[in-house]
Amino acid sequence: MSKEVLLVAGTRPEALKIAPVAIALKGHPGLRPTIVHSGQHSGMVEQALGAFDLVPDVRLDVPRHSGTQAELVSRLLPEFDALLEERDPAVTLVQGDTTTTLAAALASFWRGIPVAHLEAGLRTGDLYGPFPEEGNRQMISRITSLHLAPTDDAANALNSESLPDSHIVVTGNTVVDAVQRVAAANLPASSPDLIALERTLDATGGRLMLVTVHRRESWGRPLMRVLNAVRSIADRHPDLHVVIPAHPNPGVREQVVSLLGGHERIVITDPLDYPDLVRVLKRASLVLTDSGGIQEEAPTFGVPVLVLRETTERMLAVDAGCAWLVGTDTTRILAEAGWVLGSRLRLPLGRNPFGDGRAAVRVCSALERLAGLPTALPRREPFATLVGVR
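Just so we're clear, the structure is a prediction, and the values are computed from it rather than from any experiment.

Parameters and conventions
Residues numbered from 1 in each chain as written. Predicted model: local features only at pLDDT ≥ 70, side-chain atom pairs only at ≥ 80, totals over all residues. Heavy atoms only, no water. Salt bridge = Lys/Arg side-chain N within 4 Å of Asp/Glu carboxyl O. Helix = DSSP H or I, 4+ residues; strand = E, 2+ residues; numbered from the N terminus. Buried < 20%, exposed > 50% of the residue type's maximum accessible area, 1.4 Å probe, protein only. Phe/Tyr/Trp six-rings, centres within 6.5 Å; stacked < 30°, edge-to-face > 60°. Contact = heavy atoms within 4.5 Å. Pairing = 2+ DSSP bridges. UniProt positions renumbered as here; feature names shortened; annotations may be inferred. pLDDT = per-residue confidence, 0-100.

Draft legend 1. Region of the structure containing the pattern of salt bridges. Enumeration over the complete set of coordinates arrives at 21 salt bridges. Taking the shortest distance from any N to any O, the salt bridge between Asp81 and Arg111 comes out at 2.8 Å. Placement of Asp81 in helix 3 (residues 69-87) and of Arg111 in helix 4 (residues 99-111) is noted, with a sequence separation of 30 residues between them. Classification of Asp81 as partly exposed rests on a relative accessible area of 28%. Here Arg111 falls in the partly exposed class, since its relative accessible area comes to 37%. By sharing partners, the salt bridges in this structure join Lys17, Asp97, Glu119, Glu134, Arg137, Glu296, Arg309, Glu313 and Arg314 into a single network.

Draft legend 2. Just the packing of aromatic side chains, in detail. A full pass over the atoms with the stated rule returns three aromatic pairs. Here Trp324 and Trp339 contribute two aromatic rings whose centre-to-centre distance is 5.8 Å and whose plane-to-plane angle is 75 degrees, an arrangement assigned as edge-to-face. With a gap of 15 residues between them, Trp324 in strand 13 (residues 323-325) and Trp339 in helix 14 (residues 330-343) connect regions that are remote in the sequence. A relative accessible area of 21% places Trp324 in the partly exposed class.

Draft legend 3. Structural view of the side chain of Thr212. Note on placement: Thr212 falls in strand 8 (residues 207-212). Beyond its immediate chain neighbours, meaning those up to four positions away, Thr212 contacts Pro245, Leu288, Thr289, Asp290, Ser291, Ile294 and Leu308.

Draft legend 4. Examining the pairing of strand 10 (residues 266-269) more closely. Relative to strand 10, strand 9 (residues 240-245) runs parallel, the two being bridged by four bridges. Bridge assignment links Val242 to a residue of strand 10, and that residue is Ile266.

Draft legend 5. Geometry of the UniProt feature "domain: UDP-N-acetylglucosamine 2-epimerase" (unreviewed entry) in the chain. Under the UniProt annotation, "domain: UDP-N-acetylglucosamine 2-epimerase" (unreviewed entry) lies at residues 24-368. End C-alpha to end C-alpha, residues 24-368 measures 12 Å, and it is 46% helix and 15% strand.

Draft legend 6. Inspection of the confidence of the model for the chain at higher detail. In the predicted model, the chain carries a mean pLDDT of 92, and the fraction of residues at 70 or more is 96%. Scored below 50 in pLDDT, residues 376-390 makes 42 contacts in the model with residues more than four places away or belonging to other chains.

Draft legend 7. Broad picture of the environment of Val5. Positionally, Val5 belongs in strand 1 (residues 3-9). The exposure class of Val5 is buried, given its relative accessible area of 0%. In this structure, the C-alpha to C-alpha distance between Val5 and Val91, residues 86 residues apart in sequence, is 4.9 Å. Leave out the neighbours within four places in its chain, and Val5 touches Leu31, Arg32, Pro33, Thr34, Val91, Leu93 and Leu367.

Below, the structure is given as structure tokens:
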């Protein structure tokens, strides 16, 4: 009889990164995937999984009123505990560093169910940057049975915290699997805003810049500085069109609309379906973002990235020359964007330092070991060797 693996997602990035694992486990002779939607971001998880023809198998009921982290954890823990008692899975696989991830890992640990942590080992060393993600992932690492590190740097960070090397497997990042799969499908745009923008770009030969800003530490004055820079960049480059998918938080969206609304070459959209986001990345000349996922996805298409944060747990992109840390200072953003756009910089294709598109296969082999099934994959083959990065 096959053993059940719970694949937990509560946010869009989590759904995108577990999707390749769910696909790789389909039809597995010894492991049976069950996708659990925590309910943290209703609608967004379903949207992301839909890009891979997947749907949640289980959806938890977590009504929220105050929207605080404490409220969400207090509602998620008993829901996860009841689910674990009912299903008694062999493994719970969690991804990243969200409240969903922390709650599912903690409930599983209390039940004695092994936790596999996808994208383990990311660190800034600053508990308040990003907040609360850095604290979440450090806590999760202490109760994890299998650390699925995306890169050698992440594995080394775990080793430096005295976590056993035998519990760490370097896999690459499954988001590279995801973005390659969606890009190869080359689905037509579904957003009316994007359809209209693509027509304009085709007719004028204009360039495209993607902007995404959503982190809590960017809200308020830092976001204002970023948005002022975006408007100035658009004004200085008449051939440049900007697309900014607005965060669903009403306060963030209001700030975006008030500062950028009405500009003839700035398009503010609702959050884009993942295939539409991939279309934008493929076509973009520059990306400004505080998103971790886009830092990992953009190198697949050779798109330069300006990271709108003071620190990043993805220094591999910076070290590889794929991204530049610019923070939220208007002057610095303008200077770096001007250099990239003025030089028409493009990076080499096929040299994504985060993965080669086979991370999910390595994850499955590691899960086989954790579940007590035979496997032949070495535990710590250097990831740089696997993907050809030197």
